[in-house]
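The primary structure of each chain is shown beneath.
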Amino acid sequence: MIEVTVRDEVAVITLTRPDKLNALTAAMRADLAAVVREHGRSGRGIVVTGTGRAFSAGEDLHEAAGRSLVGEVELFHDMTRAVLESRVPVVAAVNGLAVGGAAEWTLCFDARIGVGATEYFFPENHLGLSVSNAASLLLPRLVGGGRALRLVLDSARLDAADALAAGLLDELVAPEALVDTAVARARHWSEPGTATAVHLALLRPPAADVERAFAAETSAAEQVEASGIAQAGMTRFIESRPPRQH
């Protein structure tokens, strides 16, 4: 469900579960963190993209139902931690719909490039879930505190133009140019002789701040799990969207 190819010294990580909108199982999240760490130590960069009409629908709620929400959230946290630890640029090639934890994962990337079909959707609040991936820190950093609050509380869904205007995307390109543009961006930033590794460490959010955000979000997950609203929200979602039959 994850493919990795190397193009011009840039690792292209592709989510290949289009029949499920690239929804992320627990195993996929662990694998993504491991793959990012592997390729974040060398080469010229990392690009993450999806297949089909979605970048990723976020957490696979059909799998997650009945499991510890805290454990699920901490898997997302480690995906973000892996990106922020990398010594090479990490670029999201957001080919379509990005939902929940997957949308929030891209917030820590060094660039987010979209296409006309790109959408960002933050459904957690109205599902009784809490945000993850240090989104409580990274979303206000990108779009401003007031707008971040509204996006989360509204469970907002933004099309490509609105995502670009809000600062969630850095640019829009033609679909056929998406991955090539992302690869070229990573290569340009990491040309031989550049000081990119040290500037990534300087300009990305401080690790201590990110870890505090992780801890606060884990505590929030514990609260919504203990209250029962998280399980009720996931049950509503599952009952409204039964898994596809194969």
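The structure displayed is predicted, hence computed values, not measured ones.

Draft legend 1. Spatial organisation of the overall build of the protein chain. Assigned secondary structure in the protein chain consists of 12 helices and 10 strands. Its C-alpha radius of gyration of 17 Å places the protein chain within 12% of the 18 Å reference for a compact globule of 246 residues. Based on the C-alpha atoms only, the size of the protein chain along its principal axes is roughly 55 × 40 × 35 Å. Burial statistics for the protein chain: of 246 residues in total, 50% are counted as buried. Long-range pairs, those at least 24 residues apart, make up 77% of the contacts in the protein chain between residues at least 6 apart in sequence.

Draft legend 2. Structural context of unusual backbone geometry. A positive phi angle, near 55°, is found at aspartate 8, a position not held by glycine. Within the element layout of this structure, aspartate 8 appears in the loop between β1 (2-7) and β2 (10-15). Backbone geometry places leucine 21, a non-glycine residue, at a positive phi of 55°. Structurally, the position occupied by leucine 21 is in the loop between β2 and α1 (26-39).

Draft legend 3. Structural context of the nonpolar core. Judged by nonpolar contacts, the single largest core of 47 residues is most densely connected at Leu24, Ile46, Trp105, Phe109, Tyr120, Leu139 and Leu168. By size, the runner-up hydrophobic cluster in this structure holds 14 residues, among which are Val47, Val91, Val173 and Ala182.

Draft legend 4. Examining the sheet that holds strand β9 (residues 157-159) more closely. An order of β4-β6-β8-β9 is seen for the four strands of this open sheet, with the pairing classed as mixed. Looking at the sheet topology across the chains shown, the edges are occupied by β4 (54-56) and β9. In this sheet, neighbouring strand axes are inclined to one another by 15° on average, regardless of whether the strands run parallel or antiparallel. Where strand β8 (residues 119-121) meets β9, three bridges bridge the pair, whose relative direction is antiparallel. Across the sheet, the residue bridging to phenylalanine 121 is arginine 157, located in β9.

Draft legend 5. Representation of helix α12 (residues 229-240). For α12, which comprises 12 residues, the first-to-last C-alpha distance of 16 Å matches the rise-based estimate of 16 Å (1.5 Å per residue) to within 8%. Ala230, Gly233 and Met234 are the residues of α12 that are buried. An end-on view of α12 places all buried positions within 95° of arc, on one side of the element. Packing partners of the buried residues in α12 comprise α2 (61-64), α3 (69-85), α5 (124-127) and α11 (207-227).

Draft legend 6. How the structure looks around the side chain of aspartate 60. As for its position among the elements, aspartate 60 is in the loop between β4 and α2. For aspartate 60, a relative accessible area of 8% corresponds to the buried category. Setting aside its immediate chain neighbours within four residues, aspartate 60 contacts Arg17, Ala23, Leu24 and Thr25.

Draft legend 7. Highlighting the packing of aromatic side chains. For the coordinates displayed, the defined rule picks out two aromatic pairs. Centre to centre, the rings of tryptophan 105 and phenylalanine 109 are 5.0 Å apart; their planes meet at 85°, and the pair counts as edge-to-face. Accessibility classification places tryptophan 105 together with phenylalanine 109 in one group, the buried group. Its end group placed over the ring of phenylalanine 76, arginine 29 keeps NZ or CZ at 4.8 Å from the ring centre. Looking at arginine 157, its charged tip hangs above the ring of phenylalanine 121, at a distance of 5.3 Å from the centre.

Draft legend 8. Up close: the pattern of salt bridges. Tallying each qualifying case throughout the model produces 17 salt bridges. Among the ionic pairs, arginine 37 bridges to aspartate 78, the shortest N-O distance being 2.8 Å. Of this pair, arginine 37 sits in helix α1 while aspartate 78 sits in helix α3, and the two are 41 residues apart along the sequence.

Draft legend 9. Examining the sheet that holds strand β7 (residues 111-114) more closely. Reading across from one edge, β1-β2-β3-β5-β7-β10 is the order of the six strands in this open sheet, with mixed pairing throughout. Where the open sheet ends on each side, the last strands, each with one partner, are β1 and β10 (171-172). In the sheet, β7 pairs with β10 via two bridges, with the strands oriented parallel. Each residue of the ladder has a partner; that of glycine 114, found in β10, is leucine 172.

What counts, and at which threshold
Residues numbered from 1 in each chain as written. Predicted model: local features only at pLDDT ≥ 70, side-chain atom pairs only at ≥ 80, totals over all residues. Heavy atoms only, no water. Helix = DSSP H or I, 4+ residues; strand = E, 2+ residues; numbered from the N terminus. Rg over C-alpha atoms; globule rule 2.2 N^0.38 Å. Buried < 20%, exposed > 50% of the residue type's maximum accessible area, 1.4 Å probe, protein only. Contact = heavy atoms within 4.5 Å. Core = buried A, V, L, I, M, F, W, Y, C linked by side-chain atoms within 4.5 Å. Pairing = 2+ DSSP bridges. Axes fitted to C-alpha atoms, helices over the stretch in contact; angles between N-to-C directions. Expected span 1.5 Å × (residues − 1). Arc of directions from axis to C-beta. Phe/Tyr/Trp six-rings, centres within 6.5 Å; stacked < 30°, edge-to-face > 60°. Lys NZ or Arg CZ within 6 Å of the ring centre and 35° of its normal. Salt bridge = Lys/Arg side-chain N within 4 Å of Asp/Glu carboxyl O.

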